[in-house]
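Now for the letters of each chain:
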Amino acid sequence: MTESDVHTLTGPYVLDALPADEQARFEQHLTECAFCTTEVAELREAAVKLATQVAAPPPPALKTDVMAAIEQVRQLPPHVAGGKDELSRRRVGRRSVLTLAAAALAVAATGGIAIDQYRDKQAAVQANERVTAVLAEPDARTLHSPVNGGGQATVVVSARTDRAVVVLRDLPKLPADRTWQLWLIDPNRTAHSVGLAGGDLTTVVNGSTGKIAFGLTIEPDGGSPAPTLPAAAMIPMT
């Protein structure tokens, strides 16, 4: 198992599916990797939720309504161009389309939540893949700093990909009119905003190569064009 492989073991570890030797190595890895520690905690929470979820049945009237509509739709008669059968076929065909459309709308109404949940899951999977790609880079470096007032900031930097993974955990709760703002500082001491955070966060930021530090500040809601000092956290990256 290579160093990059170890980041992929969070799922098997949560499910107790690792051999004893790999489990021991992974647990040692958890003491050094903030991202994997966070993902293990999130996967355990998800596993608990999945174990307690109960599927919601469709509305009781849905099947009755669909079956009643089907009984009113006859099979299409043989097609005879230009005759009464042609007119009848068009009427029945139009009614069939309307019936099917109504049934589709009913199903869509009950399935909307599932579609939204699927999209959310896909977005989470894609975000996780971006994070894992940075962590697996051979030049990835992990940097830590406490946050003033409580919490921890971790940055995993990869010059090869020009990206960094930022992990913020256990941050103090801010007033409603304040937000956390993330910065990358260049050699000229100019701060470049790379995002906002309402609280704990794991994200990938671009443009980390050549930057000398990562900063975290408290700003008015919506963010600021320049950081408000002193910073809540400052992590040297050189």
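That block above? That's the structure.
Residues numbered from 1 in each chain as written. Predicted model: local features only at pLDDT ≥ 70, side-chain atom pairs only at ≥ 80, totals over all residues. Heavy atoms only, no water.

1. Focus on the side chain of Thr10
Basically, it comes down to this: Numbering of helices and strands runs from the N terminus; a helix is a DSSP stretch of H or I covering at least four residues, while a strand is a stretch of E covering at least two. Relative accessibility thresholds used throughout: buried, under 20% of the residue-type maximum; exposed, over 50%; partly exposed, between the two (1.4 Å probe, protein chains only). Side-chain atoms alone can form a polar contact between residues adjacent in sequence; in general such a contact is a pair of N or O atoms within 3.5 Å, and within protein one must be able to donate a hydrogen while the other accepts it. Whether two residues touch is decided by their heavy atoms; if any such pair falls within 4.5 Å, the residues are in contact.
Assignment of secondary structure puts Thr10 in helix H2 (residues 10-14). What makes Thr10 buried here is its relative accessible area of 5%. Within the structure, the side chain of Thr10 is placed 3.3 Å from the side chain of Glu39, a separation counted as a polar contact. Setting aside anything within four residues of it in sequence, one finds Thr10 in contact with Phe26, Cys36, Glu39, Val40 and Leu43.

2. Quick notes on the nonpolar core
Threshold: To define a nonpolar core, start from buried Ala, Val, Leu, Ile, Met, Phe, Trp, Tyr and Cys residues and group those joined through side-chain atoms within 4.5 Å.
Counting residues in hydrophobic clusters, the biggest one holds 21 residues, and the most contacted among them are Val147, Leu168, Trp180, Phe214 and Leu216. Of all the secondary structure elements, the ones that give two or more residues to this core are strand E2 (152-158), strand E3 (163-169), strand E4 (178-185), strand E7 (213-220) and strand E8 (233-236). Counting residues in each nonpolar core, the second largest holds 18 residues, with Val6, Phe26, Leu30 and Val40 among its members.

3. What about the sheet that holds E2?
Put simply, the rule reads: Being paired, for any two strands, means DSSP has found at least two bridges between them. Lines are fitted to the C-alpha atoms to define the axes, a helix being fitted only along its stretch in contact, and any angle between axes, read from their N-to-C directions, falls within 0 to 180 degrees.
Spatially, E1-E2-E3-E6 is the arrangement adopted by the 4 strands of the open sheet, whose pairing is antiparallel. Only two strands of the sheet have a single partner each, and these edge strands are strand E1 (141-146) and strand E6 (201-206). Neighbour-to-neighbour, the strand axes of this sheet turn through a mean angle of 20°, independent of strand direction. Examined bridge by bridge, E1 and E2 share 6 bridges and lie antiparallel to one another. When the bridges of E2 are listed, Ser145 appears paired with Ala153.

4. Topic: the pairing of E7
Most of E7 sits inside the fold, with 6 of its 8 residues counted as buried. The pairing of E4 with E7 spans 8 bridges and is classified as antiparallel. Bridge assignment links Trp180 to a residue of E7, and that residue is Ile218. As paired strands, E7 and E8 are joined by 4 bridges and run antiparallel to one another. Among the inter-strand pairings, Phe214 is bridged to a residue of E8, identified as Ile235.

5. Here's the deal with the packing of aromatic side chains
What counts is decided by this rule: Pairing of aromatic side chains here covers Phe, Tyr and the six-membered ring of Trp, requires ring centres within 6.5 Å, and sorts the geometry by plane angle: under 30 degrees stacked, over 60 edge-to-face, intermediate tilted.
Scanning the model with the defined rule gives 1 aromatic pair in all. Ring centres 5.0 Å apart and planes at 50° place the aromatic pair Tyr13 and Phe26 in the tilted group. Of this pair, Tyr13 sits in helix H2 while Phe26 is found in helix H3 (residues 20-30), placing the two residues 13 residues apart along the sequence. A single burial state applies to Tyr13 and to Phe26, both of which are buried.

6. With respect to unusual backbone geometry
Put simply, Leu229 and Pro230 share a cis peptide bond, and its omega is 0°. By secondary structure assignment, the location of Pro230 is in the loop between E7 and E8. In this structure, Asp162 is a non-glycine residue whose phi angle is positive, near 60°. Residues other than glycine seldom take positive phi values, yet Arg189 does so here, at roughly 65°. Here Arg189 lies in the loop between E4 and strand E5 (191-197). By relative accessible area, which is 68% here, Arg189 ends up exposed.

7. Side note on H3
It helps to recall that an α-helix has 3.6 residues per turn; residues three or four apart then point in one direction. Stated formally: For this quantity, the arc is that covered by the directions from the helix axis to the C-beta atoms.
Every buried residue of H3 is accounted for by Phe26, His29 and Leu30. Viewed end-on, H3 has its buried residues packed into an arc of 100°, placing them on one side of the element. For H3, exposure combined with an orientation more than 90 degrees from the buried face picks out Ala20 and Asp21.

8. Overview of the sheet that holds E7
As summarised here, the arrangement of the 4 strands in space is E5-E4-E7-E8, forming an open sheet in which the pairing is antiparallel. The open sheet has two edge strands, E5 and E8, and neither has a second partner. Sheet twist, expressed as the mean angle between neighbouring strand axes with direction ignored, is 25°.

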